[in-house]
Amino acid sequence: MRTEQTGAALGDRFVVAVGPVAHGGHCIARHEGQVLFVRHTLPGERVRVEVTEIGPGGRFARADAIEVLEPAPARVPAPCPWSGPGRCGGCDWQHVSPQGQRALKHDVILEQFSRLAGLDLTEHLGRDIEVEAIPGDRDGQGWRTRVEFAVDDAGHPGLRRHRSHDILPIDTCLIADPRVLGTGVLATTYPGATAVDVVAPSVGAPVVVEVPDGPVPVVRERVALPDRELELDVSARGFWQVHPGAARTFVATVLEWLAPRPGEHVLDLYAGVGVFAAAFAPAVGDRGSVEAVEGDRTATEHARDNLAASPWVTVTRDRVDRAVRRMVRAGRTADLVVLDPPRTGAGRAVCRDVGALGPRTIGYVACDPAALARDVGYLIEEGYILRDVRAFDAFPMTHHMELVAALDAP
Ligand SMILES: C[S@@+](CC[C@H](N)C(=O)[O-])C[C@H]1O[C@@H](n2cnc3c(N)ncnc32)[C@H](O)[C@@H]1O
């Protein structure tokens, strides 16, 4: 039975034993019966915390570890001078070794699949899942090719403190691609801007976009697949994977698992500028077809240009839920489906309709293990069988990750 308890108050300091990692860049601890989500710590540590936020109704509180009394073996001195309690909120795991960060992400994935898909992933796959570094990783640093810096009232760029609108002026960002910092963005003022977006594309020079009123150029991205290279136009403010090795890793994994055959019909859902459609087009050939569905107007226009050389590829601008509903009503089918939704995932209705299209394999690319686990649960309800999952440390130093899954028709 739950006992009456008042819980911690903002600014309280006390010592806790830290329990497991939780999704979101923090670990769980308990204090006098109340759940605490503690940042800047690791499972197994004993730390002094300061309470930073009280959750609704006092059901939980958030806290920062401000003193480490018993460190965990994976703890390292944070390389970034701007990380730590009350400072930049961009990274969650600067104080953890790269292997330690991947071990935390591994635990989060297993926990999410168990809770949201009702699946023991290790037992189901017959092996433990490994969170893999993206090829080209440099100890988790210098990877971020797209950075949005917030700009304060005086025009100085910085990064926001954790769960705050406060902007911390910074003079470096260790996870940013050196070409991003090489633009001199952090030594420049941007009067009138609310943010400044810096993009270091794989082709050509970096660009700086002042938000909201600056011109937004188109950049070019190259994706080196095992057997050929793709080049695509992307708006400097449009979606593109931020780690330089990420797009080719995910596209190559999905291609290998889905193994498209000549004459097949492929759906690329949440297509962005069409990188998966471009990768599948040669394999299905002009006796087959690829239909890319994307909701954003600018991304759709770029996708049409990027895919113009393959007339058997069509690009539809629509919401994916409406597009797949229409296809199901029309009695259509698909041989293969790629799902690459935003953080919220595809959801129950899209999973149901994708299942009704009857693809032999579904490739799912996800940036949130919770959304993926939930949607895998829905696809299993549609009769699909989870064949494989790979997890990638595509956002080192943060709690974020990317997963690729393949599900087969029964
Ligand atoms: C994670 S990105 C993937 C883009 C692309 N597959 C890639 O790898 O570059 C998700 C894409 O889905 C689009 N999107 C988000 N919600 C959508 C919806 N309900 N219907 C259609 N597209 C949507 C976004 O505009 C974005 O381009």
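Residues numbered from 1 in each chain as written. Predicted model: local features only at pLDDT ≥ 70, side-chain atom pairs only at ≥ 80, totals over all residues. Heavy atoms only, no water.

So, the side chain of Thr 145
Its place among the elements puts Thr 145 in the loop between strand 6 (131-133) and strand 7 (146-151). Residue Thr 145 is classed as buried on the basis of its relative accessible area, which comes to 4%. Of note is the side chain of Thr 145, whose polar atom sits 2.6 Å from the backbone oxygen of Val 242. In this view, Thr 145 contacts Asp 177, Arg 179, Val 180, Val 198, Val 199, Ala 200, Gln 241, Val 242 and Pro 244; residues no more than four positions away in its chain are not counted. (Helix = DSSP H or I, 4+ residues; strand = E, 2+ residues; numbered from the N terminus. Buried < 20%, exposed > 50% of the residue type's maximum accessible area, 1.4 Å probe, protein only. Polar contact = N/O pair within 3.5 Å; in protein donor to acceptor, adjacent residues only side chain to side chain. Contact = heavy atoms within 4.5 Å.)

As for the domain arrangement of the protein
Much of the literature gives interface size as the accessible area that the parts lose upon coming together. Each domain of the protein was delimited in the assignment, giving domain 1 (1-73), domain 2 (131-137 + 220-408) and domain 3 (146-217). For domain 2 and domain 3, the distance between their C-alpha centres works out to 29 Å. Taken residue by residue, the interface counts 13 residues in domain 2 and 13 residues in domain 3. Summing both sides of the interface, domain 2 and domain 3 together bury roughly 1100 Å²; the carbon and sulfur share of this comes to 52%. Looking at the side of domain 2 facing domain 3, the largest losses of area belong to Glu 221, Ala 236 and Arg 237, adding up to 51% of the total buried there. Summed over the shared surface of domain 2 and domain 3, the result is three salt bridges. Between Arg 237 and Asp 197 there is a salt bridge, with the nearest N and O atoms lying 2.7 Å from each other. Inspection of the region where domain 2 meets domain 3 yields seven residue pairs in polar contact (both at pLDDT 80 or more). (Domains from an automatic or database assignment. Buried area = accessible area lost by both parts, 1.4 Å probe. Salt bridge = Lys/Arg side-chain N within 4 Å of Asp/Glu carboxyl O.)

Some remarks on helix 8 (residues 348-356)
Taken together, the buried positions of helix 8 are Val 350, Cys 351, Asp 353, Val 354 and Gly 355. After helix 8 finishes, the residue Gly 358 shows a positive phi value of roughly 70 degrees.

Some thoughts on helix 4 (residues 246-258)
Helical geometry note: an α-helix holds 3.6 residues per turn, so side chains three or four residues apart project in the same direction. If you check helix 4, its first and last C-alpha atoms are 18 Å apart, about what 13 residues at 1.5 Å a residue would give, namely 18 Å. Counting buried residues in helix 4 gives ten out of 13 residues, a clear majority hidden from the surface. Within helix 4 the residues assigned to the buried category are Ala 246, Ala 247, Thr 249, Phe 250, Val 251, Thr 253, Val 254, Leu 255, Trp 257 and Leu 258. Contacts from the buried residues of helix 4 go to strand 12 (218-224), helix 5 (275-284), strand 17 (336-339), strand 18 (361-366), strand 19 (385-393) and strand 20 (402-408). The first or second residue beyond helix 4 is Ala 259, which carries a positive phi of 40 degrees. (Expected span 1.5 Å × (residues − 1).)

Here's the deal with unusual backbone geometry
Residues Val 211 and Pro 212 are joined by a peptide bond in cis, for which omega reads 10 degrees. Tracing the backbone through its elements, the reader meets Pro 212 in the loop between strand 11 (207-211) and strand 12. Its identity is not glycine, yet Glu 32 carries a phi of approximately 50 degrees, on the positive side. Judged by relative accessible area, which is 64%, Glu 32 ranks as exposed.

A word on the pairing of strand 17
Residue alternation in strand 17 divides its side chains into two sets, Leu 336 and Val 338 and Val 337 and Leu 339, and both sets are buried. In this sheet, strand 17 lies alongside strand 14 (residues 265-269) in parallel orientation, the contact comprising four bridges. The residue bridging Asp 268 from the neighbouring strand is Val 338, located in strand 17. Sheet topology note: the strand 17/strand 18 ladder contains four bridges and is parallel. Its bridge partner lying in strand 18, Leu 339 is registered against Tyr 364. Tracing the backbone out of strand 17, into helix 8 and back to the parallel element strand 18 gives a crossover that is right-handed. (Pairing = 2+ DSSP bridges. Right-handed = clockwise from strand over helix to strand, strands pointing away.)

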